[in-house]
Amino acid sequence: MSDGLFGDDISFFVGTGLFGVFFVIVFLIIVSAFIFVIVKGISQWSKNNASPILTVPAEVVTKRSKTSGGSGDTSASTSYYTTFEVQSGDRIELPLSGREYGMLVEGDLGLLTFQGTRYKGFERNEKEGSTI
């Protein structure tokens, strides 16, 4: 006659112990990654707030978009980025809204306003001979 719910079979408890350790390790990795992402986001937000708002002459060098999701029942999400080249030759890639993205054309010249990694605006230079 066996005692208890599982009797003399202790393999269940040994397996559960290993599973428990594995579960705790995976849980700690996930929580650590989550905390890392939050701290990184807050750090970038704080750094942007401490940065001055700059307006510099720049050229729109290239534009790109990144689409994620959209599989099965999930909706797709698109992020938009534009690379600007300033007079020193440095390039800055900034995320911007779809509306702002659509208003820019590669080769546009104008004044870029940004704060850290935040896009604030782009004022295009008027082209000579433009009838618009």
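Computed from a predicted structure; not experimentally measured. (Residues numbered from 1 in each chain as written. Predicted model: local features only at pLDDT ≥ 70, side-chain atom pairs only at ≥ 80, totals over all residues. Heavy atoms only, no water.)

This next bit is on the sheet that holds strand β2 (residues 76–86). Taken together, the five strands give an open sheet; going across it, the order is β3-β2-β1-β4-β5, and neighbouring strands pair in antiparallel fashion. On the outer flanks of this sheet lie β3 (91–96) and β5 (118–124), each paired with one strand and no other. Going across the sheet, the axis of each strand differs from the next one's by a mean of 40°, ignoring polarity. Pairing analysis gives six bridges linking β2 to β3, with the strands arranged antiparallel. (Pairing = 2+ DSSP bridges. Helix = DSSP H or I, 4+ residues; strand = E, 2+ residues; numbered from the N terminus. Axes fitted to C-alpha atoms, helices over the stretch in contact; angles between N-to-C directions.)

Next up on the list: the pairing of β5. Here strand β4 (residues 109–115) pairs with β5 via six bridges, running antiparallel. Counted as the bridge partner of Gly 110 is Arg 124 from β5. Here β4 folds back onto β5, and the loop between the two strands holds two residues, one of which, Gly 116, carries a positive phi near 65°.

By size, the foremost hydrophobic cluster in this structure holds 13 residues, and its most contacted members are Phe 84, Leu 94, Leu 104, Leu 112, Tyr 119 and Phe 122. When residues of this core are assigned to their parent elements, the largest contribution, three residues, is made by β3. Apart from the residues lying within four places of it in its own chain, the contact partners of Leu 94 are Tyr 80, Tyr 81, Thr 82, Phe 84, Leu 112, Phe 114, Gly 116, Thr 117, Arg 118 and Tyr 119. (Core = buried A, V, L, I, M, F, W, Y, C linked by side-chain atoms within 4.5 Å. Buried < 20%, exposed > 50% of the residue type's maximum accessible area, 1.4 Å probe, protein only. Contact = heavy atoms within 4.5 Å.)

A word on the packing of aromatic side chains. Within this structure, the stated rule accounts for three aromatic pairs. One aromatic cluster is present, formed by Phe 84, Tyr 119 and Phe 122 through successive ring pairs. The positively charged end of Lys 63 is found above the aromatic ring belonging to Tyr 101, 4.3 Å away from the centroid. Arg 64 extends its terminal NZ or CZ atom over the ring of Tyr 81, reaching a point 4.2 Å from the ring centre. (Phe/Tyr/Trp six-rings, centres within 6.5 Å; stacked < 30°, edge-to-face > 60°. Lys NZ or Arg CZ within 6 Å of the ring centre and 35° of its normal.)

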